[in-house]
Amino acid sequence: MTLKPLYLALILFAGTPVFAADPQQIQTLNDEALSLHSAGDYEQAEQRYQELLPLLKEHFGMGSIEEARIRASIADTQLARQHYEEAEQSYRQVLALLEQHHDTLLRADALNGLASALYLRRHYGQAEPLYLEANALLEAEPAAPVEQRLLVLDNLAALYQTLGRGHQARPYQDQARELRRNRP
């Protein structure tokens, strides 16, 4: 999974807070979590992300997009820690929160993460439609980052290779190769 930084400093002042949680404490915990995640200390990163949740709920209210972003980071750390069932549950929570918000890139990332958690548990039939949906969302999004598209394309190709369906993997491999060749 790719690390999805959450720049709360920008978000905190963009909306009106519901309550008075300390924005500096939120930013500090987020920065610590990002640093720990980047260093590969996923257990500590997950703890910091968990500490952020009540603060986000206090500051932004229940079900905010900020909560969805932090839950996605929690899911990513669980996936990195090979806690696939926990990651699956967390990605499902993110997707449920996103029913209230329009964030195509985060939705695609959560679908890809959920599919990966299922794939790693060998639930290939459940992973396939999620990868396909993530890919469709990213194809339709003109601002989709190349790295995010490549991750989903590579995951789809790997899924089809694992299933012994190389003919289905080839189009995704070709798309990924073309994106890499034309990357800015």
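Treat the numbers as computed from the prediction; the structure is a model and nothing was measured.

(A) Seen up close, the overall build of the protein. From N to C terminus, the protein includes 9 helices and 0 strands. Along the protein, from the amino end to the carboxyl end, the secondary structure elements read α-α-α-α-α-α-α-α-α. With 184 residues in all, the protein has 46% of them scored as buried. For the protein, the proportion of contacts with a sequence separation of at least 24, taken over those separated by at least 6, is 61%. In the structure as shown, the protein presents an accessible area of about 9,200 Å², 51% of it carried by carbon and sulfur atoms.

(B) Here's a closer look at the packing of helix α7 (residues 124-140) against helix α8 (residues 146-162). Two elements in contact, α7 and α8, have axes separated by 10 Å at closest approach and are oriented at 150°. As the angle between them shows, α7 and α8 are arranged roughly antiparallel. Once α7 is placed against α8, the crossing between them reads as left-handed. Between α7 and α8, the residues in contact are Tyr 124, Glu 128, Tyr 131, Leu 132, Ala 134, Asn 135, Leu 138 and Glu 139 and Gln 148, Arg 149, Val 152, Leu 153, Asn 155, Leu 156, Leu 159, Tyr 160 and Thr 162, respectively. Taken together, the residues that form the contact of α7 with α8 break down as 10 nonpolar, 4 polar and 3 charged.

(C) Geometry of unusual backbone geometry. If you check the backbone angles, Gln 82 has positive phi at about 65° while not being a glycine. You can call Gln 82 exposed: its relative accessible area is 56%. Residues other than glycine seldom take positive phi values, yet Arg 122 does so here, at roughly 70°. Here Arg 122 is to be found in the loop between α6 (104-120) and α7.

Definitions and limits used
- Residues numbered from 1 in each chain as written.
- Predicted model: local features only at pLDDT ≥ 70, side-chain atom pairs only at ≥ 80, totals over all residues.
- Heavy atoms only, no water.
- Helix = DSSP H or I, 4+ residues; strand = E, 2+ residues; numbered from the N terminus.
- Buried < 20%, exposed > 50% of the residue type's maximum accessible area, 1.4 Å probe, protein only.
- Contact = heavy atoms within 4.5 Å.
- Areas by Shrake-Rupley, 256 points an atom, 1.4 Å probe, with all protein chains shown as cover.
- Axes fitted to C-alpha atoms, helices over the stretch in contact; angles between N-to-C directions.
- Parallel < 35°, antiparallel > 145°, perpendicular 65-115°, else oblique.
- Left-handed = near helix turned anticlockwise from the far one by under 90°.
- Nonpolar A, V, L, I, M, F, W, Y, C, P; charged D, E, K, R; others polar.

So, to be careful, I would describe these as geometric facts and stop short of saying anything about function.
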